[in-house]
Amino acid sequence: MLAYAPGEQPPPGKFIKLNTNENPYPPPPPVVEAIRAAADGPLNRYPDPMATAFRRAAAEALELPGPEWVLAGNGSDEILTILVRAFVGEGQRLRLPYPSYILYRTLADIQGAEWEQVPFDDDWKLPPAFGHSDDSMRLVLLPNPNSPSGTVVLPDQVAAIAHSLDCPLVVDEAYADFAEQNCLDLVHSNHRVLVTRTLSKSYGLAGLRFGFLVAQPHIVAELAKIKDSYNCDTIAIAAATAAMGCRDWLVDIRTKMNATRDRMSTRLSELGFAVTPSQANFVWCTHTDGKHQAMYEFLKSNQILVRYMQFPEWGDGLRISVGTDEQADACLLMLQRFLA
Ligand SMILES: *Cc1c(COP(=O)(O)O)cnc(C)c1O
């Protein structure tokens, strides 16, 4: 099988890193304090297998009926692994939109399952085929906001898709903290809607590994049977629990990063890029001169890493993560030089 190829992770300090949608800012201070306190705790003991403290904190922060609506994972990638393992057997199928998050295909390959890609239309809307279903289709995955586009499918349409499918619909909300709307409410009215979240992007905790699922309690209870018994460690549980109490910090970081994103988008348009309106912490852009790979190389030779992406039969472009204002300016200046 083909391996999933994550974005480059060079040693820290050498590059301005705008290639994997990490937060350019450090995590909230109470999270760092919680990590220090946990390091002084009983690390000789196994962690709480169900991360109860985190589930309670998440249920409160997200106004869920209770902790039994939450399943904690070692990054939302682990939650996605659990979901694909649970629902998609050998010879069965999962569906994803195209272009989107390639990892889903790898997860299908591991199961000996097949994947079906449904292309977005020209303005990143989903065609009706995305909601069609048959016996062999066992799971449909939708990154929302999508990567690499940063575009969203509105909750009403997601609800309609979930309704027309006979299999579960995973709404991968890795970037939802940057978006205007999300699909969390749909979980209450439809047990087939499964929402995944991560602390990697909005909370600045990609190095920690923590993500979670929000679904109806009977689904969470079944999925818990499939996870590794101690899938989240003591330090990560303490950090993630503290993070759930930092809602004001989250509002501030979102305001700051979305302002940088909108400024980046405007400037890229002025430089002649077509920029897809983004509701995430990155922008997807293409240039009429089409030299995206050369732009990527030029930026890299100037210690700026962005993601060059090429989707067969679809096209290529640059996905640039939202950095600090200084990082964004450095990247924009280099692109201006390249185009001069
Ligand atoms: C980054 C990302 C994830 C992975 O999040 P982790 O919690 O770091 O595993 C999942 N889905 C999408 C669409 C992402 O971009």
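Keep in mind it's a predicted model, so treat the numbers as computed, not measured.

Caption draft 1: Layout of the sheet that holds strand S2 (residues 70–73). Strand order in the open sheet made by the seven strands is S2-S8-S7-S6-S5-S3-S4, with mixed pairing throughout. Because the sheet does not close on itself, it has two edges, and the strands there are S2 and strand S4 (114–119). With direction set aside, neighbouring strand axes in the sheet form an average angle of 25°. Against the sheet, helix H5 (residues 155–164) touches strand S5 (137–143), strand S6 (169–172) and strand S7 (193–198), its axis set at about 155° to S6.

Caption draft 2: Focus on the pattern of salt bridges. Under the definition given, this model contains twelve salt bridges. A salt bridge links Glu 222 to Lys 225; the nearest nitrogen and oxygen atoms lie 3.0 Å apart. Here Glu 222 falls in the partly exposed class, since its relative accessible area comes to 45%. The exposed category is assigned to Lys 225, whose relative accessible area is 61%. Among the charged side chains, a salt-bridge network with shared partners connects Arg 93, Arg 95, Glu 116 and Asp 134.

Caption draft 3: Focus on the side chain of Arg 307. Along the polypeptide, Arg 307 turns up in strand S11 (residues 304–311). In this structure, Arg 307 is buried with no salt-bridge partner, the nearest side chain bearing the opposite charge being Glu 8 at 6.8 Å. Here the side chain of Arg 307 touches Ala 5 through a polar contact of 3.3 Å, landing on its backbone oxygen. Discounting chain neighbours no more than four positions away, the residues touching Arg 307 are Ala 5, Pro 6, Gly 7, Leu 18, Asn 19, Thr 20, Gly 317, Leu 318 and Arg 319.

Caption draft 4: How the structure looks around the environment of Lys 300. Position of Lys 300 among the secondary structure elements: in helix H10 (residues 292–301). Sequence spacing of Lys 300 and Lys 17 is 283 residues, and the spatial spacing of their C-alpha atoms is 9.7 Å. Other than its neighbours up to four places away in sequence, Lys 300 contacts Glu 8, Phe 15 and Leu 305.

Caption draft 5: Quick look at empty space enclosed by the protein. Going through the model one piece at a time under the given rule, you end up with three cavities of 30 Å³ or more. Computed from the structure, the largest cavity encloses a volume of approximately 50 Å³. Lining the largest cavity, in full, are Leu 62, Asp 177, Arg 197, Thr 198, Leu 199, Tyr 203, Phe 212, Met 244 and Arg 247. Here the residues of the lining of the largest cavity sort into five nonpolar, one polar and three charged.

Analysis parameters
Residues numbered from 1 in each chain as written. Predicted model: local features only at pLDDT ≥ 70, side-chain atom pairs only at ≥ 80, totals over all residues. Heavy atoms only, no water. Pairing = 2+ DSSP bridges. Helix = DSSP H or I, 4+ residues; strand = E, 2+ residues; numbered from the N terminus. Axes fitted to C-alpha atoms, helices over the stretch in contact; angles between N-to-C directions. Contact = heavy atoms within 4.5 Å. Salt bridge = Lys/Arg side-chain N within 4 Å of Asp/Glu carboxyl O. Buried < 20%, exposed > 50% of the residue type's maximum accessible area, 1.4 Å probe, protein only. Lys, Arg positive; Asp, Glu negative; His and termini not counted. Polar contact = N/O pair within 3.5 Å; in protein donor to acceptor, adjacent residues only side chain to side chain. 1 Å grid on protein atoms, 1.4 Å probe; cavity = no way out; pocket = protein on both sides within 12 Å on 5 of 7 lines; lining within 4 Å. Points joined across faces, edges and corners; volume = space filled by probe spheres on them. Nonpolar A, V, L, I, M, F, W, Y, C, P; charged D, E, K, R; others polar.

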